[in-house]
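These are the residues of each chain, in order.
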Amino acid sequence: MADENNKNEKELTEEQRMSRRRFIKNSGLAAGGLVVGGVAGGLIPWGGTKHDNKTQNAAQKETRKDYNHALMFFTQAEFKTVEAAVERIFPTDENGPGAKDLGVGYYIDHQLAGSWGFNARDYMQPPFYHGEKSQGYQGRMRRREIFRIGLKEMQNYSQSKYKKNFEDLTEDQQDKVLKDFEGDKVNLTTISPSGFFDMLRSSVLEGAYSDPLYGGNKDMAGWSMREYPGDQMGYTNIIDKDFQKIKPQSLQDHM
Amino acid sequence: MVKKLPKVDVVVVGVGWGGGIIASELTKKGLKVVGLERGAERHTEDYYMVHDELRYALRYELFQDLSKETVTFRNNEKIRALPMRQYGSFLMGDGLGGAGVHWNGQTFRFLPYDFEIRSQTVDRYGKNKIPKEMTIQDWGITYDELEPYMDKFEKMAGISGEENPLGGKRSDKYPTGPMKHSPQMDMFEKAAKKLNYHPYTAPSANLSEAYKNPDGIERAACQYCAFCERFGCEYGAKADPVVTVIPVAQKTGNFELRTHSNVRRILHKGGKATGVRYIDTTTDEEIEQPADIVVLTAYVFNNTRLLLLSGIGTPYDSSTGTGVIGKNYAYQVSQGGATGFFKNKKFNNFAGAGALGMEFDDFNGDNFDHSDLKFIHGAGIRLYQSGERPIQNNNIPRGTPTWGKEFKQNSIKYANRTLKIAAQGACMPHQHHFLDLDPTYKDNYGDPLLRMTFDFENQERELAKFMAQKCTEVMKEMGADHIDTMQELGPYNITTYQSTHNTGGVIMGDDSGTSAVNNYSQMWDMDNLFVVGASSFPHNSGFNPTGTLGGLAYRAAEGILKYHKSGGQLA
Ligand SMILES: Cc1cc2nc3c(=O)[nH]c(=O)nc-3n(C[C@H](O)[C@H](O)[C@H](O)COP(=O)(O)OP(=O)(O)OC[C@H]3O[C@@H](n4cnc5c(N)ncnc54)[C@H](O)[C@@H]3O)c2cc1C
Ligand code: SF4
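Residues numbered from 1 in each chain as written. Chains lettered and ligands numbered in written order. Predicted model: local features only at pLDDT ≥ 70, side-chain atom pairs only at ≥ 80, totals over all residues. Heavy atoms only, no water.

Q: Could you give an account of the overall build of chain B, naming the residues involved and the relevant values?
A: Summing up its helical and strand segments, chain B has 11 helices and 23 strands in all. In terms of overall dimensions, chain B is globule-like: its C-alpha atoms have a radius of gyration of 23 Å, near the 25 Å expected for 571 residues. The C-alpha extent of chain B, read off along each of the three principal axes, is 70 × 55 × 50 Å. Sorting the 571 residues of chain B into buried and exposed places 69% on the buried side. Within chain B, contacts between residues at least 6 apart in sequence are counted, and of these 75% link residues at least 24 apart. Within the structure as shown, chain B displays about 18200 Å² of accessible surface, and the carbon and sulfur contribution to it stands at 47%. A gap of 3 Å separates the mean positions of the 64 positive and 68 negative side-chain charges of chain B. (Helix = DSSP H or I, 4+ residues; strand = E, 2+ residues; numbered from the N terminus. Rg over C-alpha atoms; globule rule 2.2 N^0.38 Å. Buried < 20%, exposed > 50% of the residue type's maximum accessible area, 1.4 Å probe, protein only. Contact = heavy atoms within 4.5 Å. Areas by Shrake-Rupley, 256 points an atom, 1.4 Å probe, with all protein chains shown as cover. Lys, Arg positive; Asp, Glu negative; His and termini not counted. Charge placed at Lys NZ, Arg CZ, Asp CG, Glu CD.)

Written out as structure tokens, the structure is:
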């Protein structure tokens, strides 16, 4: 099976898409017994002809408007700052698009508008005490509040240091501001500068690499850059092989 | 007003691995069992959109909702315990199947040494090898006694594997053959053999082939889909209580499952459990379920917490080392590893399965001489390929920037050019590591949260450092161009994921003065109360816990059936 390595990308992708019949054959699942799996129960997660047509139409998508790209939480002004900051954290380069073009700003906006922004599944009961680092976040503020204050403080710091808004600074100056937040060099009474920076940084990675359904990773370009195939049905055919480049798929491809 | 229901033979609290096994074994023998599970029901069909890293791995879709209940934590008794407000170090299961839904399926057996750790350590190295505050004790059962039950668990789950050359004696081989080997596993195997170690394909609950188990349950083979740990399996290929033991219990007609049922107290009178009181979380109605036998299978934390809340057993006192409930909380040391960066080799890091890997145990348990070492026990040294998803895995050489241009370039370059060798290190109990009730923080029903007092000690620091060197040697042999080795194990930190291998709190033994349950998981202080789970481990080994836990659950089921017939203490 060594020639597998030489197959082109398209063929391999086809190979990945198993039909129901093929899957059941591969898994050796026979009839009878007490059957429990979803596939055996008549549900095949993905594959089939419908979705093949869809990928062929992918090119046409480019020209369409992205209705997901509007704001739920940030003001226009805040959004400008966010886009400038995320681009410094994950800039455009010869590998491909940076955070701005990947839609990371929209991703963060949408996340802050939802349950994550409200810390809906975190323990937020008082009393609130200052703890050790090993004990984790102990504040009463929710992520959306921290973010909003953090952006404001970034503007204040940029103004006091360079007399300009963050988004109008040179790249080096922007990096300096971000570094000062990262290293807690900024004196704030409201929030932890490094705590805000860490949240910003991790949400950039989330926005660059989560499924495009969340508003970032536009056209799966984040995945393509690092040769990550996204959401494939399985890798039985390549797990024992050398590196294979596989065209990414998203959850949309399985609808 | 508490609504009182008709009495049943057995009530099981929590329906994950432990609860599922107990329910299936007892209902098969005709006992009427009610299973109370605080979370929702789950099905394989729920996982149609499961290949979503953000939702499942970073937003913790399948885990306990911390806004309702968490634990509090402090590194030592001198500081104030504070709630774990967000997830980090470990992830608690919630809902039908418990953590058995979103586990990896790495299914090991502890070593014979583990079960007799104190006597064997003293025999080989003398009493002074054990520091005064290290409260290790024998388990009250030997490996050989537990072997048939671990075998039973493996056959139920269909574990795929090959024999560990340095493991305990097996009565039978694994029910299914080992998983496929990826190129990096072959590299690890070759390097380990060259260094005269004894690598083997790690035992896996992700099926290597289709399998029909002794209960008649049929499951499909794993597709190496790489969305395993923290995710549910859309193929039913991963052994999970929902696709193994629970349907067996349901088919008997003797099992009544009630989801959204959060148990708050074990009721008891005159030294006997009489049932449990729980809350229907959809209506807030309080309900009493009387039963002849009560079984706690609510994971380490709630097994311990429910006993403390219900006033059963003697709470542990860390100042004197007396009492038992909450004693010997332990964890694991997973930091002592090495990361290798390859300039010219690329791997399918995006592919994998939760339990796909190779391991060797030459430095686990007492498989090596500790005479000149400042620690006992050891670690499994392993290379796993469970699928590197891109948000959580951004591999960059240590000391390089963590954001900006260089970060982007490195993280993209190394995404498929990095391999990791990890040491899963044992963790020894300590007089001042324990679980009790928090004096301040409450759950959403007003009950005190469980408080954890835990840190890494010298034992763990020395162990991690030693193992990191061993991992590095193997990585060198594998030909990495650059290797990052763990330098110092810092203090235990609850914010970074390490493992959900928490142990202790309701430990087993052969003496009611130093342990809470006997080797059938039966409470010394209450004959008709059984507490099943890793809560009964007196220490934690250098392996994942569930293979051993599964064996103990099958043994507990046998004990419950015995007790149901003739009563009394079983050991
Ligand atoms: C991400 C992850 C990966 C893992 N990987 C591995 C691995 O590879 N190998 C391995 O050996 N182990 C692994 N584990 C650990 C493994 O999942 C556990 O050892 C195992 O599931 C424990 O079984 P249990 O029955 O004791 O608890 P659980 O499976 O957690 O079940 C406990 C159940 O009790 C319920 N419950 C709790 N409190 C109450 C209450 N008050 N009332 C009603 N119900 C309640 C919970 O909702 C839950 O459903 C992993 C765990 C996690 C989280
Ligand atoms: S890796 Fe295998 S066992 Fe795990 S979820 Fe995917 S198919 Fe299931």
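Q: Give me the lowdown on the site of ligand 1, citing residues and values where you can.
A: Residue and element names in this part refer to chain B. The environment of ligand 1 is made up of 35 residues, and the closest members are Gly 18, Glu 37, Gln 106, Asn 302 and Thr 546. Backbone polar atom of Gly 18 to an oxygen atom of ligand 1: 2.8 Å apart, as the coordinates give it. One of the side-chain N or O atoms of Glu 37 is found 2.7 Å from an oxygen atom in ligand 1. Starting from 1000 Å² of accessible surface for ligand 1 in isolation, the protein chains cover 99%. Listed by contribution, the elements that provide at least two residues to the shell around ligand 1 are α1 (17–28), β10 (261–269), α8 (299–310) and α11 (546–566). (Near = heavy atom within 4 Å. Polar contact = N/O pair within 3.5 Å; in protein donor to acceptor, adjacent residues only side chain to side chain.)

Q: Quick rundown of the UniProt feature "domain: Glucose-methanol-choline oxidoreductase N-terminal" (unreviewed entry) in chain B? Include the residues and the values.
A: Mapped onto this numbering, the UniProt entry gives "domain: Glucose-methanol-choline oxidoreductase N-terminal" (unreviewed entry) at residues 141–330 of chain B. With 24% helix and 24% strand, the stretch residues 141–330 of chain B has end C-alpha atoms that lie 19 Å from each other. (UniProt positions renumbered as here; feature names shortened; annotations may be inferred.)

Q: For the packing of helix α8 (residues 143–162) of chain A against helix α10 (residues 193–209) of chain A, give the residues involved together with the corresponding values.
A: All names here are of chain A. Two elements in contact, α8 and α10, have axes separated by 10 Å at closest approach and are oriented at 105 degrees. In terms of their interaxial angle, α8 and α10 are classed as roughly perpendicular. Of the residues in α10, those touching α8 at Arg 143, Ile 146, Phe 147, Gly 150, Leu 151 and Met 154 are Phe 196, Met 199, Leu 200 and Ser 203. (Axes fitted to C-alpha atoms, helices over the stretch in contact; angles between N-to-C directions. Parallel < 35°, antiparallel > 145°, perpendicular 65-115°, else oblique.)

Q: Give me the lowdown on the site of ligand 2, citing residues and values where you can.
A: Residues in close proximity to ligand 2 total 13 residues, the closest being B:Cys222, B:Gln223, B:Cys225, B:Cys228 and B:Cys233. Residues of the shell around ligand 2, tallied by class, amount to nine nonpolar, three polar and one charged. (Nonpolar A, V, L, I, M, F, W, Y, C, P; charged D, E, K, R; others polar.)

Q: Give a detailed account of the packing of helix α5 (residues 76–89) of chain A against α8(A), specifying residues and quantitative values.
A: Residue and element names in this part refer to chain A. At a minimum axis separation of 10 Å, α5 and α8 run at an interaxial angle of 80 degrees. Classified by the interaxial angle, the pair formed by α5 and α8 is roughly perpendicular. Contact residues: α5 offers Glu 78, Thr 81, Val 82 and Ala 85, while α8 offers Arg 148, Leu 151, Met 154 and Gln 155. The residue makeup of the contact of α5 with α8, split by class, is four nonpolar, two polar and two charged.

Q: Describe the pattern of salt bridges, and please don't skip the residues or the numbers.
A: Counting across every chain of the model gives 43 salt bridges over all chains. With its nearest N and O atoms 2.7 Å apart, the salt bridge here joins A:Glu206 to B:Arg59. Pair noted here: A:Glu206 is in helix α10 and B:Arg59 is in the loop between α2 (53–58) and β4 (71–74), and the two residues belong to different chains. Across the pair, B:Arg59 and A:Glu206 agree in class, each one buried. The shortest N-O distance in the salt bridge between B:Lys28 and B:Asp215 comes to 2.7 Å. (Salt bridge = Lys/Arg side-chain N within 4 Å of Asp/Glu carboxyl O.)

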